[in-house]
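Each chain, written out:
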Amino acid sequence: MNDFMSAALQILAVIIIVPIAGGLISGIDRKISAKMQGRKGPPILQPFYDVLKLLQKDSKTVNPTTRYFLVLSLIFNMFNVVLFFMGAELLLCIFAFTISCVFFSLAGYSSRSPYSFIGAERELVQIICYVPMIILLAFGYYQAVGSFSISYAFQLDAPAVTRLPLLFIGLLYVITIKLRKSPFDISMSHHAHQEIVRGVTTEMEGSCLAIVEVSHWFETVFTIRLLFLFLIYGQPLGWVIGIGACLIIYFLEILVDNATARIKYRSALRATWIVVLVLGFANLAFLSLF
Amino acid sequence: MKFIKKSPWILHYNASSCNGCDIEILACLTPLYDVERLGMIHTGNPKHADVLLISGCVNTQSVSVVKQLYEQMSEPKVVIAVGACASTGGISKDCYNVIGGVSEAIPVDMYVPGCAARPEAIIDGVVKVLDKIK
């Protein structure tokens, strides 16, 4: 019974702390981006103000199914993050993550707006971009560590990245997409992106849009936690290195976002596939040989 | 508490402006004025917007668009007429195809004077109109 209680408390803590952390990361991200562009930028709590405002707005939905799909997407995102923080199997987390992405696309398809349709199509193309890399990463992790278990990373002698350097570079390459920074003709970061109005979220308003935002906070934390998995090892120093490297990587992501503001989804697809094929398979081949 | 005051998202529509006011609205986004520090975001979608900024007078072609944009926005929402033309019809008031200011088509909550309206005045208008939201 005690085990059950402590597990329930852990799940509750993850569900409460992760969105707060995600919102803060998003706020700091917007602040740093503004500084890079020579602006003062919004307050760090701005993402929370946005979501609270969206919850106070009227929300008429074109099709009630949209909300249903969005809630499912959020639930699978939560499920994924909870599994990840509880140290479950990496492969299971990735499947939950992919399902949440697919539900998000379906939410786009559920309204009849052509902009929403284009957004949903491009969202699917994005999934094709980054999911192969993440699945290869899971296989690489298994080969390097000998288990799909996430908690196993805390017992390693050296971080998994030492055996998976190329796959890790590939992961760095694709997380720009998952953090919704690039490509610009689909990304939903807070820049003036208006090519297809707002893609998947064109027909969403009020609380539906708030769900999208909160879901994205979970995704951001998942992405950072995924990076951390490859940097941690069994020593206390591993935590320092892991957290420090994650901070540096996130800063570089913001820098890359601001430096390459006009990457289109087609070039993103081409570029990610080349990186996935070359780096991913080279690393897997290297692991199976040595 | 009304969080709309902390994050007013803006939709801008040019009803038939000479682009003078439009340039000043876009100038608000530049590092010099940086409206994002007040939580304002320039959206391209009426469904996401809280504040409708309209520049230029309303004419027979743009009146339907103005009404449609207004209807697509969800409550609470406010409308700001930016510049002399949007407020009263301005220099083109007597033109054959001009209906008049924005208030001829939809209810307006705030008028920003000027030809062209200055960015400071536009930002001030947005900040003040949010106080009207109950």
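What counts, and where the lines are drawn
- Residues numbered from 1 in each chain as written.
- Chains lettered and ligands numbered in written order.
- Predicted model: local features only at pLDDT ≥ 70, side-chain atom pairs only at ≥ 80, totals over all residues.
- Heavy atoms only, no water.
- Phe/Tyr/Trp six-rings, centres within 6.5 Å; stacked < 30°, edge-to-face > 60°.
- Buried < 20%, exposed > 50% of the residue type's maximum accessible area, 1.4 Å probe, protein only.
- Lys NZ or Arg CZ within 6 Å of the ring centre and 35° of its normal.
- Contact = heavy atoms within 4.5 Å.
- Buried area = accessible area lost by both parts, 1.4 Å probe.
- Salt bridge = Lys/Arg side-chain N within 4 Å of Asp/Glu carboxyl O.
- Polar contact = N/O pair within 3.5 Å; in protein donor to acceptor, adjacent residues only side chain to side chain.
- Helix = DSSP H or I, 4+ residues; strand = E, 2+ residues; numbered from the N terminus.
- Nonpolar A, V, L, I, M, F, W, Y, C, P; charged D, E, K, R; others polar.
- Pairing = 2+ DSSP bridges.
- Axes fitted to C-alpha atoms, helices over the stretch in contact; angles between N-to-C directions.
- 1 Å grid on protein atoms, 1.4 Å probe; cavity = no way out; pocket = protein on both sides within 12 Å on 5 of 7 lines; lining within 4 Å.
- Points joined across faces, edges and corners; volume = space filled by probe spheres on them.
- Right-handed = clockwise from strand over helix to strand, strands pointing away.
- Parallel < 35°, antiparallel > 145°, perpendicular 65-115°, else oblique.
- pLDDT = per-residue confidence, 0-100.

### Digging into the packing of aromatic side chains
Counted according to the given criterion, the structure contains 15 aromatic pairs over all chains. Taking 5.4 Å as the distance between ring centres and 85 degrees as the angle between the ring planes, the aromatic pair formed by A:Tyr109 and A:Phe117 counts as edge-to-face. Overall, the relative accessible area of 28% leaves A:Tyr109 in the partly exposed class. Classification of A:Phe117 as partly exposed rests on a relative accessible area of 35%. Feature note: the residues A:Tyr68, A:Phe69, A:Phe76, A:Phe79 and A:Phe103 constitute an aromatic cluster, connected by ring pairs. Between the NZ or CZ atom of A:Arg225 and the centre of the ring of A:Phe85, over which it lies, the distance is 5.5 Å. Cation over ring: B:Lys77 sits above B:Tyr70, and NZ or CZ is 4.1 Å from the ring centre.

### Here we look at the interface of chain B and chain A
Counting from both sides, the interface comprises 28 residues of chain B and, opposite them, 29 residues of chain A. Buried surface at the junction of chain B and chain A, both sides included, amounts to about 2,500 Å², of which 49% is carbon and sulfur. On the chain B side of the interface with chain A, the three residues burying the most area are B:Phe3, B:Glu36 and B:Lys47, jointly 25% of the side's total. The tally of links between chain B and chain A comes to six salt bridges. When the shortest N-O distance is used, the salt bridge between A:Lys53 and B:Asp50 registers 2.7 Å. Linking chain B to chain A there are 21 residue pairs in polar contact (both at pLDDT 80 or more). Looking at the side of chain B that touches chain A, the elements with two or more residues in it are β2 (41-43) and α2 (63-72) of chain B. Top element by residues in the side of chain B that touches chain A is β2(B). It accounts for three residues. Partitioning the side of chain B that touches chain A into residue classes produces ten nonpolar, nine polar and nine charged.

### Description of the pattern of salt bridges
Applying the stated criterion to the full structure yields ten salt bridges over all chains. For A:Lys57, the salt bridge goes to B:Asp50, with nearest N and O atoms at 2.8 Å. Of this pair, A:Lys57 sits in the loop between α2 (46-56) and α3 (64-85) while B:Asp50 sits in the loop between β2 and β3 (51-55), which puts the two residues in different chains. Taken individually, A:Lys57 and B:Asp50 each receive the classification buried, so the pair is uniform in this respect.

### Looking at the sheet that holds strand β1 (residues 9-14) of chain B
Working definition: the strands of a sheet are paired by backbone hydrogen bonds and lie parallel or antiparallel to each other. Residues and elements named next belong to chain B. Pairing is parallel in the open sheet, where five strands are placed in the order β2-β1-β3-β5-β7. Of all strands in the sheet, those with a lone pairing partner are β2 and β7 (110-112), marking the two edges. Ignoring which end each strand starts from, the neighbouring axes of this sheet average 30 degrees apart. Sheet analysis places β1 next to β2, joined by three bridges and oriented parallel. Pairing of leucine 11 across the sheet is with threonine 43, part of β2. Sheet strands in contact with helix α4 (residues 119-131) are β1, β3, β5 (78-82) and β7, and its direction is about 170 degrees off that of β7.

### Description of the layout of surface pockets
All names here are of chain A. Here the second largest pocket defines a volume of roughly 650 Å³. Lining the second largest pocket are 27 residues, with Ala21, Ile25, Val221, Ile224 and Cys246 positioned closest to its centre. Across the lining of the second largest pocket, the residue classes break down as 22 nonpolar, three polar and two charged.

### Quick notes on the pairing of β1(B)
Residues and elements named next belong to chain B. With respect to chirality, the unit in which β1 leads through helix α1 (residues 20-27) into the neighbouring parallel β2 is right-handed. Strand direction decides the pairing type here: β1 and β3, joined by five bridges, are parallel. Across the sheet, leucine 11 pairs through a bridge with leucine 52, a residue of β3.

### Points about the packing of helix α5 (residues 114-145) of chain A against helix α9 (residues 265-289) of chain A
Residues and elements named next belong to chain A. Where α5 meets α9, the axes come as close as 10 Å, and the angle between the chain directions of the two elements is 10 degrees. One element, α5, and the other, α9, form an angle in the roughly parallel class. In this structure, α5 contributes Arg122, Val125, Ile128, Cys129, Pro132, Met133, Leu136, Phe139, Gly140, Gln143 and Ala144 to the contact, and α9 contributes Tyr265, Ala268, Leu269, Thr272, Trp273, Val276, Gly280, Phe281, Leu284, Leu287 and Ser288. Each residue belonging to the contact of α5 with α9 can be placed in one class, and the counts come to 16 nonpolar, five polar and one charged.

### Focus: the environment of A:Leu92
The residue A:Leu92 is located in helix α4 (residues 90-109) in this model. Sequence separation of A:Leu92 and A:Asn80 is twelve residues, and the distance between their C-alpha atoms is 8.0 Å.

### Re the confidence of the model for chain A
Overall, the predicted model of chain A reaches an average pLDDT of 84, with 95% of residues at or above 70. Across chain A, the secondary-structure element scoring lowest on mean pLDDT is α9(A), at 82, and the one scoring highest is α2(A), at 91.

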